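# Report on the structure
Spelled out from the first residue to the last, the chains are:
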Amino acid sequence: MSDVPAQEIPAQEIPVQEIPPLLLRVIPESAGFIAEKYDEPAEAAVLTRDALLDLYELLTECFTTPVLMPQLESASPDTDVLERCWDFVERIVSHSSEHVSGAVYFEVLEQLLNADGLLEAAWPSMKDRTRARTVMMLDFYDVRVRGTNQYG
(Lines give C-alpha, C1' and ligand atoms only; values in the text may rest on other atoms or scores of the structure.)
Protein backbone atom coordinates (compact mmCIF):
# COMPACT_ATOMS: atom_id res chain seq x y z
CA MET A 1 0.00 0.00 0.00
CA SER A 2 1.17 3.48 -0.77
CA ASP A 3 1.39 6.20 1.83
CA VAL A 4 0.09 8.69 -0.72
CA PRO A 5 -3.46 9.76 0.20
CA ALA A 6 -6.13 8.84 -2.27
CA GLN A 7 -7.03 11.78 -4.45
CA GLU A 8 -10.58 12.55 -5.38
CA ILE A 9 -11.18 11.70 -9.01
CA PRO A 10 -12.97 14.63 -10.64
CA ALA A 11 -16.29 13.89 -12.25
CA GLN A 12 -15.99 13.66 -16.00
CA GLU A 13 -17.32 16.83 -17.55
CA ILE A 14 -20.39 16.22 -19.62
CA PRO A 15 -20.26 17.61 -23.16
CA VAL A 16 -22.31 20.80 -23.48
CA GLN A 17 -24.66 19.34 -26.11
CA GLU A 18 -25.56 16.50 -23.73
CA ILE A 19 -26.86 18.77 -20.95
CA PRO A 20 -30.46 19.14 -22.21
CA PRO A 21 -30.80 15.34 -22.67
CA LEU A 22 -29.24 14.86 -19.22
CA LEU A 23 -31.90 17.14 -17.73
CA LEU A 24 -34.64 15.00 -19.25
CA ARG A 25 -33.01 11.71 -18.15
CA VAL A 26 -32.33 12.77 -14.57
CA ILE A 27 -35.49 14.89 -14.12
CA PRO A 28 -38.25 13.20 -16.15
CA GLU A 29 -40.66 15.57 -14.36
CA SER A 30 -39.33 18.23 -16.76
CA ALA A 31 -40.65 16.42 -19.87
CA GLY A 32 -44.02 18.17 -20.06
CA PHE A 33 -42.45 21.59 -19.63
CA ILE A 34 -39.83 20.88 -22.29
CA ALA A 35 -42.47 19.59 -24.72
CA GLU A 36 -44.62 22.66 -24.13
CA LYS A 37 -41.70 25.08 -24.56
CA TYR A 38 -40.57 23.58 -27.87
CA ASP A 39 -43.96 22.35 -29.09
CA GLU A 40 -42.61 18.87 -29.76
CA PRO A 41 -41.95 15.73 -27.72
CA ALA A 42 -39.35 16.36 -25.02
CA GLU A 43 -37.19 13.49 -26.26
CA ALA A 44 -36.80 15.25 -29.62
CA ALA A 45 -36.64 18.78 -28.25
CA VAL A 46 -33.62 18.15 -26.02
CA LEU A 47 -31.63 17.05 -29.06
CA THR A 48 -32.12 20.31 -30.93
CA ARG A 49 -29.68 23.18 -31.15
CA ASP A 50 -32.39 25.44 -29.69
CA ALA A 51 -32.39 23.55 -26.39
CA LEU A 52 -28.66 24.09 -26.06
CA LEU A 53 -28.75 27.75 -27.11
CA ASP A 54 -31.72 28.35 -24.80
CA LEU A 55 -29.99 26.74 -21.81
CA TYR A 56 -30.76 29.68 -19.50
CA GLU A 57 -34.46 29.57 -20.45
CA LEU A 58 -34.52 25.77 -20.43
CA LEU A 59 -33.24 25.68 -16.86
CA THR A 60 -35.64 28.39 -15.69
CA GLU A 61 -38.80 27.31 -17.52
CA CYS A 62 -38.39 23.53 -17.44
CA PHE A 63 -36.39 22.85 -14.27
CA THR A 64 -36.03 25.57 -11.62
CA THR A 65 -39.48 27.18 -11.70
CA PRO A 66 -41.72 24.14 -12.32
CA VAL A 67 -39.77 21.33 -10.62
CA LEU A 68 -37.13 22.47 -8.13
CA MET A 69 -38.82 25.48 -6.51
CA PRO A 70 -42.14 23.75 -5.76
CA GLN A 71 -40.21 20.99 -4.01
CA LEU A 72 -38.22 23.50 -1.95
CA GLU A 73 -41.39 25.42 -1.07
CA SER A 74 -43.33 22.27 -0.14
CA ALA A 75 -44.00 21.36 3.47
CA SER A 76 -43.41 17.73 2.46
CA PRO A 77 -41.02 17.68 -0.50
CA ASP A 78 -40.36 14.53 -2.50
CA THR A 79 -36.85 13.66 -1.32
CA ASP A 80 -36.20 11.54 -4.42
CA VAL A 81 -37.00 14.45 -6.74
CA LEU A 82 -34.83 16.83 -4.69
CA GLU A 83 -31.96 14.36 -4.67
CA ARG A 84 -32.14 13.99 -8.45
CA CYS A 85 -32.42 17.77 -8.92
CA TRP A 86 -29.22 18.38 -6.97
CA ASP A 87 -27.49 15.43 -8.68
CA PHE A 88 -28.22 17.13 -12.01
CA VAL A 89 -27.00 20.52 -10.78
CA GLU A 90 -23.86 18.95 -9.30
CA ARG A 91 -22.96 17.44 -12.69
CA ILE A 92 -22.94 20.86 -14.40
CA VAL A 93 -22.36 23.54 -11.72
CA SER A 94 -18.60 23.71 -12.25
CA HIS A 95 -18.66 23.22 -16.01
CA SER A 96 -15.76 24.79 -17.91
CA SER A 97 -18.20 26.41 -20.36
CA GLU A 98 -19.27 29.82 -19.07
CA HIS A 99 -22.57 29.32 -20.92
CA VAL A 100 -23.30 26.29 -18.75
CA SER A 101 -21.87 27.47 -15.42
CA GLY A 102 -23.49 30.89 -15.89
CA ALA A 103 -26.87 29.30 -16.60
CA VAL A 104 -26.65 27.28 -13.38
CA TYR A 105 -25.47 30.29 -11.39
CA PHE A 106 -28.19 32.69 -12.58
CA GLU A 107 -31.10 30.36 -13.29
CA VAL A 108 -30.75 27.91 -10.39
CA LEU A 109 -28.54 29.10 -7.53
CA GLU A 110 -29.33 32.81 -7.62
CA GLN A 111 -33.04 31.96 -7.62
CA LEU A 112 -32.62 30.52 -4.13
CA LEU A 113 -32.14 34.06 -2.85
CA ASN A 114 -35.51 35.25 -4.18
CA ALA A 115 -37.61 33.92 -1.30
CA ASP A 116 -36.93 33.45 2.38
CA GLY A 117 -36.09 29.92 3.35
CA LEU A 118 -35.38 28.47 -0.11
CA LEU A 119 -31.64 28.25 0.37
CA GLU A 120 -32.05 26.70 3.80
CA ALA A 121 -34.48 24.16 2.32
CA ALA A 122 -32.06 23.37 -0.50
CA TRP A 123 -28.85 23.14 1.52
CA PRO A 124 -29.29 19.62 3.02
CA SER A 125 -29.79 18.08 -0.43
CA MET A 126 -27.03 19.99 -2.22
CA LYS A 127 -23.81 18.23 -3.13
CA ASP A 128 -20.25 19.48 -2.47
CA ARG A 129 -19.50 21.46 -5.66
CA THR A 130 -22.95 23.03 -5.60
CA ARG A 131 -22.53 24.04 -1.96
CA ALA A 132 -19.09 25.53 -2.68
CA ARG A 133 -20.44 27.53 -5.63
CA THR A 134 -23.40 28.69 -3.53
CA VAL A 135 -21.13 29.91 -0.73
CA MET A 136 -19.04 31.81 -3.31
CA MET A 137 -22.25 33.42 -4.60
CA LEU A 138 -23.39 34.38 -1.09
CA ASP A 139 -19.99 35.82 -0.25
CA PHE A 140 -19.97 37.78 -3.52
CA TYR A 141 -23.35 39.32 -2.65
CA ASP A 142 -22.27 39.72 1.00
CA VAL A 143 -25.27 37.68 2.14
CA ARG A 144 -25.00 35.56 5.27
CA VAL A 145 -27.28 32.58 5.72
CA ARG A 146 -27.23 30.57 8.93
CA GLY A 147 -25.96 27.05 8.37
CA THR A 148 -24.32 27.82 5.02
CA ASN A 149 -21.72 30.60 5.08
CA GLN A 150 -22.62 31.90 8.55
CA TYR A 151 -21.82 29.65 11.43
CA GLY A 152 -23.84 29.53 14.60
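Heads up: these notes are all about the structure in this document. Just so we're clear, the structure is a prediction, and the values are computed from it rather than from any experiment. (Residues numbered from 1 in each chain as written. Predicted model: local features only at pLDDT ≥ 70, side-chain atom pairs only at ≥ 80, totals over all residues. Heavy atoms only, no water.)

### Side note on the overall build of the chain
Looking only at helices and strands, one finds nine helices and zero strands in the chain. Going from the N terminus to the C terminus, the chain shows its helices and strands as α-α-α-α-α-α-α-α-α. Scaling as 2.2 N^0.38, a compact globule of 152 residues should have a C-alpha radius of gyration of about 15 Å, and the chain matches this with 16 Å. Projected onto the principal axes, the alpha-carbon positions of the chain cover approximately 50 × 45 × 30 Å. Here the chain, with 152 residues, has 43% of them falling under the buried criterion. A fraction of 61% describes how many contacts in the chain between residues 6 or more apart in sequence connect residues 24 or more apart. About 8600 Å² of surface is accessible on the chain, with carbon and sulfur atoms providing 52% of the total. (Helix = DSSP H or I, 4+ residues; strand = E, 2+ residues; numbered from the N terminus. Rg over C-alpha atoms; globule rule 2.2 N^0.38 Å. Buried < 20%, exposed > 50% of the residue type's maximum accessible area, 1.4 Å probe, protein only. Contact = heavy atoms within 4.5 Å. Areas by Shrake-Rupley, 256 points an atom, 1.4 Å probe, with all protein chains shown as cover.)

### Digging into unusual backbone geometry
Of note in this structure, Asp39 is not a glycine but carries a positive phi near 55°. Along the chain, the position of Asp39 falls in the loop between helix H2 (31-38) and helix H3 (42-45). The class for Asp39 is exposed, based on a relative accessible area of 72%. Even without a glycine there, the phi angle at Asp142 is positive, about 55°. Considering the arrangement of structural elements, one finds Asp142 in the segment after helix H9 (128-140).

### Structural notes on the nonpolar core
Within the largest apolar cluster, 44 residues are counted, with the highest numbers of intra-cluster contacts made by Ile34, Phe63, Trp86, Phe88 and Leu112. Secondary structure elements with two or more residues in this core: helix H1 (19-26), H2, H3, helix H5 (55-73), helix H6 (79-92), helix H7 (98-109), helix H8 (118-122) and H9. Among the elements that line this core, the one with the most residues is H5, at nine residues. Beyond its immediate stretch of four places on either side in the chain, Leu112 contacts Met69, Leu72, Trp86, Leu118, Leu119, Ala122 and Met126. (Core = buried A, V, L, I, M, F, W, Y, C linked by side-chain atoms within 4.5 Å.)

### Observations regarding the side chain of Gln71
Structurally, the position occupied by Gln71 is in helix H5. Residues in contact with Gln71, not counting those within four places in the same chain, are Pro77, Asp78, Val81 and Leu82.

### Focus on H6
Spanning 14 residues, H6 covers 20 Å between terminal C-alpha atoms, matching the ideal 20 Å at 1.5 Å per step. Buried residues of H6: Val81, Leu82, Arg84, Cys85, Trp86, Phe88, Val89, Glu90 and Ile92, and no others. Next to the buried residues of H6 lie H1, H5, H7, H8 and H9. Where H6 begins, the side chain of Asp78 points an oxygen toward the backbone nitrogen of Asp80, at a separation of 2.9 Å. (Expected span 1.5 Å × (residues − 1). Polar contact = N/O pair within 3.5 Å; in protein donor to acceptor, adjacent residues only side chain to side chain.)

### Some thoughts on the packing of H6 against H7
Two packed helices can be described by the angle between their axes and the distance between those axes. One way to put it is that H6 packs onto H7 with a least axis distance of 9 Å and a crossing angle of 145°. For the pair H6 and H7, the contacting residues are Trp86, Val89 and Ile92 in the first and Val100, Ser101, Val104, Val108 and Leu109 in the second. Tallied by class, the residues present in the contact of H6 with H7 amount to seven nonpolar, one polar and no charged. (Axes fitted to C-alpha atoms, helices over the stretch in contact; angles between N-to-C directions. Nonpolar A, V, L, I, M, F, W, Y, C, P; charged D, E, K, R; others polar.)

### Notes on the pattern of salt bridges
Using the criterion set out here, one finds nine salt bridges in the structure. Close ionic contact of Arg84 with Glu29 constitutes a salt bridge, the shortest N to O distance being 2.5 Å. Separated by 55 residues along the polypeptide, Arg84 in helix H6 and Glu29 in the loop between H1 and H2 bring together distant segments of the chain. Residue classification places Arg84 among the buried residues on the basis of a relative accessible area of 17%. Given a relative accessible area of 33%, Glu29 falls into the partly exposed group. Linking Glu83 and Lys127 is a salt bridge whose minimum nitrogen-to-oxygen distance equals 2.7 Å. Of this pair, Glu83 sits in helix H6 while Lys127 sits in the loop between H8 and H9, and the two are 44 residues apart along the sequence. Its relative accessible area of 37% is what places Glu83 among the partly exposed residues. (Salt bridge = Lys/Arg side-chain N within 4 Å of Asp/Glu carboxyl O.)

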